[in-house]
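Overview (structure and organization)
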Amino acid sequence: MLPITNQYGLFEVRFESIGGLGANIAGKMLAEAGLKYLNLNVASFSSYGSEKTGTPIKTFVRFSDPEVPIKINSPVENPHLLVIFHENLINALPVTLGCNENTIIIVNTKKSPSEIQDMLKIPTATIGTVDAIGISLEEKVKFNGILLGAISKAIGFIKPEHIKGIFEDIIGKKYPAVLEANFRAIERGYNEVKIEKVKEKKEYSFKPFAKPSNLIGYENQIIGGLVVNPGNSFSKDLSASRNGLIPVFNSQKCTSCGMCDIVCPDLCMVFIEENGQMIMKGIDYQYCKGCLKCVQICPVKALTEGVEAEYDVKSMTVKLFTEKDTAQNHR
Amino acid sequence: MAREQVYMVESGNELAALAASQINYHVMGYFPITPSTQIAEYLDELKADGKNTVNMIPADGEHGAAGICYGASTAGGRVLNATSANGLLYAIEQLPVQSHTRFPMVLNVVTRSVSGPLDIKCDHSDIMMVLNTGWLIIFAKNPQEVYDFNIIAPKIAEHKDVRLPIIVAYDGFFTSHQKKKVSVFKNDKDVKDFVGPFKADYTSIDVNNPLSIGCYMNEPDYINNHYQLAKVMEKAKDVIKEVFDEFEKFSGRKYNLVNSYMAEDADVIIYALGSSVDTIITAIDDLRKEGKKVGVVWPSVIRPLPKDQIYETVKKAKVIVALDRQDSYNDIGGNLSTELKAVLQEKGATNKVITRVYGLGGRELYIDEAKELFDLGFKAINESVKNYDYYGVVTGNKETKLPIGLKPLTLEMQDNGIEVEMVNGKLEVKNINLRKLTKQAKRFVPGHGACIGCGIFSGLNTFMRGLKGYVVVLFHTGCGMVVSTGYPYTSHRITYVHNLFQNGAATLSGIVEMYKEKQRRGEIPKDLDITFVMVTGDGGADIGMGPIVGTANRNHNLIILEYDNEGYMNTGNQLSYSTPLGHATSTSHVGEAQKGKRFHHKDTPQIMAGTHIPYIFTGSEAFPIDLIKKAAKAQWYANNMGTVYGKILSACPLNWRSEPKLGTKIVKAATDCNFFPLYEIEQGITTLTYDPEKAKSKINFEDWLTMMGKTKHLIDPENKEILEAAKKEIERRFRRLKIMSEHPEL
Ligand SMILES: Cc1ncc(C[n+]2csc(CCOP(=O)(O)OP(=O)(O)O)c2C)c(N)n1
Ligand code: SF4
Ligand code: SF4
Ligand code: SF4
Ligand SMILES: [Mg+2]
């Protein structure tokens, strides 16, 4: 029944996602569909420390034939199916580790499979792309139904009806409108995913799976787990947390009242002193998670809501910190 | 004949809850902690759906939870608890009391590392700490066993020849969160029949047979009480075997005190505990194909210690590689291998035992690593290898430094231009201008991992605007702490200390007093001014209320700042005492049989008012000038008169189920509907600093509730009673404040 399995008789799945996009629940639903409709052996779990929205998580699903027990508890190293829940993750994390030419890769993106191949920098693979963000905005649902629809198309053995059945079990009859919307999402994911065996590109190569390694070990960890470089999280890039919307700043309208600076949870606003006056200069999008609290508070509409894909965020970014603000503690 | 069963895909925690629901315990006393929290959550969800009637008591901490459970068990019913890591350690004092006074109950311990550096993932440092408490301990290695052992456990504990409390332990995340195909009993009644009724010999509520529980007992009697327990432990081995056999008939699944796979003829055996065993079995299947004689042995019971069975299953191996997921720092190994070595010594065996401490803090064990450990065992047959070492550590590159940071803030960068002056016994604050304040460098730095639209850092940052000069912060455990210090990063540009959230106020008291003492002794400059701020969530103000009140009573020079997001958000939205009546959380579900939280929100500022500290306030980012003004006053009072307490309301879009962009509006609405009045108590005098009516901003209570998913059900006519009760209470509290505000002496 399973199209392909590894030496342990397992068909293995890895989701690369961000907290809040529903990967954990999608993994459980996929596993449940396998058990309920195909009587497969299944396991699913996620590797997350905390369940904050916006932080990267991985979800793993394993299938095997009923007589083959699933014993492995460690993360999936060589996925048969890799699902990337948000295109922005591709540049942020080494998502393709352990993939090979047989891996099916599904990506939530507007881009085409071959464009995605270039972003992933892999020689070949079967790549499926689906605009889950667009569909989810239209149908007002989370990504999981859409992506599960696309998965079903790509792997074949789980049918869209199976996924619908599991949605019905979970959402139940209590919310018929929600259920209907998710059914449409599943169908649209199934129908709209573009799946292609992309052309081989010799300039790229597969990267083998690597256990999380760390340059900081017992020889150079400062005792007690202390961090002696204050504020070093400034070097992190949080842009993958955004869900497609950004605040857009219009300096012409701004009165530099300072309200946006009060409400911004991610401390992104850049104010600079000019001629003895503090002036709002713009936003450091490296940290902006796109909550739009600043848009809500701005009394003069100097901040408005925009669709990220329509802007060149890089060129709009005003840096909050420059090299002269930084320091390495050599203690 | 085995009873009817059905297949499901569930995690260990879901299954522990399902078993508990089927048994229908009388009472569960609990306090949330990852990764065991879900047990209470699922049990509550099942209760809301009318599947059980377990009386769920949210304690004020694990010490309290253990106390509730102890009390309930003396009253003669079935009692359940679940905890992990620091929670278990916080409860530990209660454990020997319960075992030595012989009241059975069931405690699920979902294993996790014990902090500091705070780590929430799996290892066995917590469970091994309680080996000496006199509780029975059975260890489940996968979700199926979690379910089965939760059905087996009360039957062992309550057995007339045992009468001891029991722990069902299993691995955090690997077992607690991994969803696997499992088989569960279709009918609750079958489970109830298997467990049978429990009739306690002695109870604390039997008025016809009064008794004294927990007498004062010294020598010569005390040692005999302990000897009784030691003998019962011995006896329990037979009882456990008996119950395992009975369970096999009932379920078709067989369990042993000690289990093995391919150990019979193995040259090298791995001796391990928990979820790693399955990975090791997979490695064995591979190695056996290569002709290597390898096997694995694992106990299902660690208290009592089934030493005969352990010896019998490992005795033929040339080398035993003992894997400890915890260390005892004795240069021998963790408890598992130290006890194995003791068993072998007692039996006169000469097998070589190699100990490896592995998998700490959630580090996974991969198949190739299990093979490497077997290879190590083969090597040890003829060569000498280290008896005790760690496996899976990283050396690190000495050249590598921590990610680069920012320059420390100078005094000047932290200035805010605000003036504070005491005029006729009241502080006056001047010169607050939001635009000018943007010049002050921020003490928090972006790059923290809070959810989209989280209100913690906007609220705290607004407060910080009112403080000038050097600040040292201490954070309690909670979202604010977890998201701002993921190693090797920190989002704090000033000095930050984390301590256990039941103890932060005490800890900061110690810091302040050392700072003052060093100043008195001239060891640090007398004119160095530091403002000390303790940041806690509303949950930290539950479990840590004792030390907070203690600190206030001692009146140390510090600020206690609570950001209230109405729940234990870091652990996944369990109710706190500050969660308002009727609000839905993961431990106050809304369903047919239950409609959200059952009691009113705690009025922490008024509790603090009873300590008569110089300054108390409430505030939020929705009223920034008001909050900054209060912060400036707080700094003055903390530095000149003593302890300050402040509460800021802070949006949690994830768990309030509200739109991230609406955070500021929702906290404003909470004030405008009188739920969250803005006021201060300055040297005993209460003043409302904002009156919605006077500001012509008053809104209906319902207008606030409709903004959040967690409260929408309260608008439903069928929940009118709860809505009215909540309204009545907030209006009563508001009127009381208003009257105090109008009275010159209150
Ligand atoms: C002794 C102990 N018990 C339980 C926990 C688990 N725990 C960590 S944070 C937290 C909730 C914190 O709630 P709150 O203080 O309101 O902060 P929030 O997460 O909501 O920001 C809990 C229960 C712990 N770390 N230690
Ligand atoms: S809130 Fe609007 S007007 Fe005020 S500083 Fe920000 S962008 Fe400018
Ligand atoms: S949307 Fe605005 S308020 Fe939200 S993180 Fe971005 S800049 Fe800050
Ligand atoms: S769970 Fe709530 S309080 Fe915690 S980081 Fe997310 S939004 Fe903030
Ligand atoms: Mg809280």
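Treat the numbers as computed from the prediction; the structure is a model and nothing was measured. (Residues numbered from 1 in each chain as written. Chains lettered and ligands numbered in written order. Predicted model: local features only at pLDDT ≥ 70, side-chain atom pairs only at ≥ 80, totals over all residues. Heavy atoms only, no water.)

Quick notes on the overall build of chain B
Threshold: By the criteria applied, helices consist of DSSP H or I runs no shorter than four residues and strands consist of E runs no shorter than two, each listed in order from the N terminus. Note that the radius of gyration is over C-alpha atoms, with the globule rule given as 2.2 Å times the number of residues to the power 0.38. Accessibility here uses a 1.4 Å probe with only protein chains present; expressed as a share of the type maximum, an area under 20% marks a residue as buried, one over 50% as exposed, and anything in between as partly exposed. Any two residues having at least one pair of non-hydrogen atoms within 4.5 Å are treated as being in contact. Computed with a 1.4 Å probe, the accessible areas rest on the Shrake-Rupley method; for each residue, only the protein chains presented here act as cover. Two residue types count as positive, namely Lys and Arg, and two as negative, namely Asp and Glu; His and chain ends fall outside the count. A charge is said to be at NZ when it belongs to Lys, at CZ for Arg, at CG for Asp and at CD for Glu.
If you tally the helices and strands in chain B, you get 25 helices and 28 strands. Taken over the C-alpha trace, chain B has a radius of gyration of 29 Å; the compact-globule value for 746 residues is 27 Å, and the two agree within 12%. By residue count, 62% of the 746 residues in chain B fall in the buried class. A fraction of 77% describes how many contacts in chain B between residues 6 or more apart in sequence connect residues 24 or more apart. Only carbon and sulfur atoms are counted for the fraction: they give 52% of the accessible area of chain B, which is about 28,100 Å². When the 87 positive and 88 negative side-chain charges of chain B are each reduced to one mean point, those points stand 3 Å apart.

Some details on the environment of Ala169 of chain B
All names here are of chain B. Mapped onto the elements of the fold, Ala169 is located in strand 7 (residues 166-171). Along the sequence, Ala169 and Val109 sit 60 residues apart, while their C-alpha atoms lie 4.6 Å from each other. Ignoring any residue separated from it by four or fewer positions in sequence, one finds Ala169 in contact with Val109, Thr111, Ile127, Ile137, Ile138, Phe139 and Ala140.

Let's talk about the sheet that holds strand 25 (residues 615-620) of chain B
Strand pairing in a sheet takes place through backbone hydrogen bonds and is either antiparallel or parallel in direction. Residues and elements named next belong to chain B. Inclusion rule: Only strands that DSSP links by at least two bridges are regarded as paired with each other. Axes, fitted as lines to C-alpha atoms, cover a helix only where it is in contact. Angles between the N-to-C directions of the axes lie from 0 to 180 degrees.
With mixed pairing, the eight strands of this open sheet are ordered in space as 20-19-21-22-26-25-27-28. What marks the edges here is a single partner per strand, and that holds for strand 20 (496-499) and strand 28 (685-688). If you compare each strand with its neighbour and ignore which way they point, the axes differ by 20° on average. For strand 25 and strand 26 (residues 644-649), the ladder comprises six bridges, and the chain directions are parallel. The residue bridging Phe617 from the neighbouring strand is Gly646, located in strand 26.

With respect to the site of ligand 3
Heads up, the rule is: Throughout, near means a residue has at least one heavy atom within 4 Å of the molecule or strand. For this classification, the nonpolar set comprises Ala, Val, Leu, Ile, Met, Phe, Trp, Tyr, Cys and Pro, the charged set comprises Asp, Glu, Lys and Arg, and every other residue, Gly included, is treated as polar.
Around ligand 3, a shell composed of Pro247, Cys264, Pro265, Cys268, Met269, Cys288, Lys289, Gly290, Cys291, Leu292 and Cys294 of chain A is seen. In the shell around ligand 3, the residues fall into nine nonpolar, one polar and one charged.

Description of the site of ligand 4
Surrounding ligand 4, one finds Lys52 of chain A together with Ala450, Cys451, Cys454, Ile456, Cys479, Asn565, Met569, Cys652, Pro653, Leu654 and Asn655 of chain B. With respect to ligand 4, its neighbouring residues span chains A and B. Looking at which element gives the most residues to the shell around ligand 4, the answer is helix 22 (residues 653-656) of chain B, with three residues. Taken together, the residues of the shell around ligand 4 sort by class into nine nonpolar, two polar and one charged.

Things to note about the interface of chain B and chain A
Many descriptions give the size of an interface as the accessible area lost when the pieces come together. The condition is simple: Buried area is a sum: the accessible area each of two parts loses on coming together, probed at 1.4 Å, counted once for each and added. The working definition used for a salt bridge is a side-chain nitrogen of Lys or Arg within 4 Å of a carboxyl oxygen of Asp or Glu.
With 85 residues of chain B at the interface, the matching set in chain A holds 89 residues. For the pairing of chain B and chain A, the buried interface totals around 7,800 Å² over both sides, and the portion due to carbon and sulfur atoms is 58%. Of all residues in chain B, Tyr366, Arg435 and Ile452 of chain B give up the largest surface area on contact with chain A, accounting jointly for 10% of the area buried on that side. Counting across the chain B and chain A interface gives eight salt bridges. Put simply, Asp261 of chain A and Arg465 of chain B hold a salt bridge, and the shortest N to O gap is 2.8 Å.

Section: the packing of helix 4 (residues 132-139) of chain A against helix 7 (residues 176-192) of chain A
All names here are of chain A. Heads up, the condition is: Just so you know how the angles are binned, under 35 degrees is roughly parallel, over 145 roughly antiparallel, 65 to 115 roughly perpendicular, and the rest oblique. Handedness of a crossing is defined here by the sense of rotation of the near helix relative to the far one, left-handed for an anticlockwise turn of less than a right angle and right-handed for a clockwise turn.
Running from N to C, helix 4 and helix 7 point in directions that differ by 155°, and their axes come no closer than 10 Å. Classified by the angle between their axes, helix 4 and helix 7 sit roughly antiparallel to one another. Where helix 4 crosses over helix 7, the handedness of that crossing is right-handed. Of helix 7, the residues touching helix 4 (which contributes Ile135, Glu138 and Glu139) are Ala181, Arg184, Arg188 and Glu192.

Let's talk about the domain arrangement of chain A
All names here are of chain A. Our working rule: Each domain's extent was defined by an automatic or database domain assignment.
Domain boundaries assigned for chain A yield domain 1 (11-197) and domain 2 (239-329). The straight-line distance from the C-alpha centre of domain 1 to that of domain 2 is 33 Å. At the junction of the two partners, domain 1 supplies six residues and domain 2 supplies five residues. Overall, the association of domain 1 and domain 2 removes approximately 490 Å² of surface from exposure, summing both partners, and the carbon and sulfur fraction of that is 53%. Ranking the residues of domain 1 by area buried against domain 2 places Gly54, His86 and Asn88 at the top, with a combined share of 50%. For the side of domain 1 that touches domain 2, a count of residues per class yields three nonpolar, three polar and no charged.

Digging into the domain arrangement of chain B
Residues and elements named next belong to chain B. Note the following rule: In protein, a polar contact means a hydrogen-donor-capable atom and an acceptor-capable atom, both N or O and within 3.5 Å, with residues adjacent in sequence counting only if both atoms are side-chain atoms; elsewhere, any N or O pair within 3.5 Å suffices.
Along its sequence, chain B is carved into domain 1 (5-191 + 215-251), domain 2 (258-390) and domain 3 (412-588 + 599-742). A separation of 26 Å is found between the C-alpha centroids of domain 1 and domain 2. Of the residues lining the interface, 28 residues belong to domain 1; the matching set on domain 2 comes to 27 residues. Of the roughly 2,200 Å² buried between domain 1 and domain 2, counting both surfaces, carbon and sulfur atoms make up 64%. The largest share of the area that domain 1 buries against domain 2 comes from Met128, Leu131 and Lys141, three residues that together contribute 28% of it. Inspection of the region where domain 1 meets domain 2 yields one salt bridge. Across the pair Asp278 and Lys141 runs a salt bridge whose closest N-O atoms are separated by 3.5 Å. At the surface where domain 1 touches domain 2, the tally comes to nine residue pairs in polar contact (both at pLDDT 80 or more). Elements supplying a minimum of two residues to the side of domain 1 that touches domain 2: helix 6 (125-129), strand 6 (136-140) and helix 9 (222-251). The element that contributes the greatest number of residues to the side of domain 1 that touches domain 2 is helix 9, accounting for six residues.

Digging into the nonpolar core
Residue and element names in this part refer to chain B. Here is the rule we go by: Here, the term nonpolar core denotes a set of buried Ala, Val, Leu, Ile, Met, Phe, Trp, Tyr and Cys residues that are joined through side-chain atoms within 4.5 Å.
Judged by nonpolar contacts, the single largest core of 94 residues is most densely connected at Met28, Ile127, Tyr147, Ile151, Ile167, Ile320 and Leu340. Considering every element that reaches this core, the biggest residue donor is helix 9, with ten residues. Shared between two domains, this core takes at least three residues from each, and those domains are domain 1 (5-191 + 215-251) and domain 2 (258-390). Look past the residues within four positions of Ile127 in its chain and what remains in contact with it is Leu88, Val109, Thr111, Ile137, Phe139, Ile167 and Ala169.

Observations regarding the environment of Pro744 of chain B
Residue and element names in this part refer to chain B. In this fold, Pro744 is placed in the segment after helix 25 (720-742). With a relative accessible area of 65%, Pro744 lands in the exposed category. Considered as a pair, Pro744 and Ile137 are 607 residues apart in the sequence and their alpha carbons are 61 Å apart.

Structural notes on the packing of aromatic side chains
All names here are of chain B. How we decide: Aromatic pairing here means that ring centres of Phe, Tyr or Trp (its six-membered ring) are within 6.5 Å. Orientation follows from the plane angle: under 30 degrees is stacked, over 60 is edge-to-face, and everything else is tilted.
The final tally for this structure, using the stated rule, is 33 aromatic pairs over all chains. When the centroid spacing of 5.9 Å and the interplanar angle of 55° are considered together, the rings of Phe247 and Phe250 count as tilted. One end of the pair, Phe247, and the other, Phe250, are both in helix 9, three residues apart, so they sit about a helical turn from each other. The pair Phe247 / Phe250 is uniform in exposure class, with both members buried. Put simply, the rings of Tyr147, Phe149, Phe185, Phe194, Phe244, Phe247, Phe250 and Tyr255 touch in pairs and so form one group of aromatic residues.

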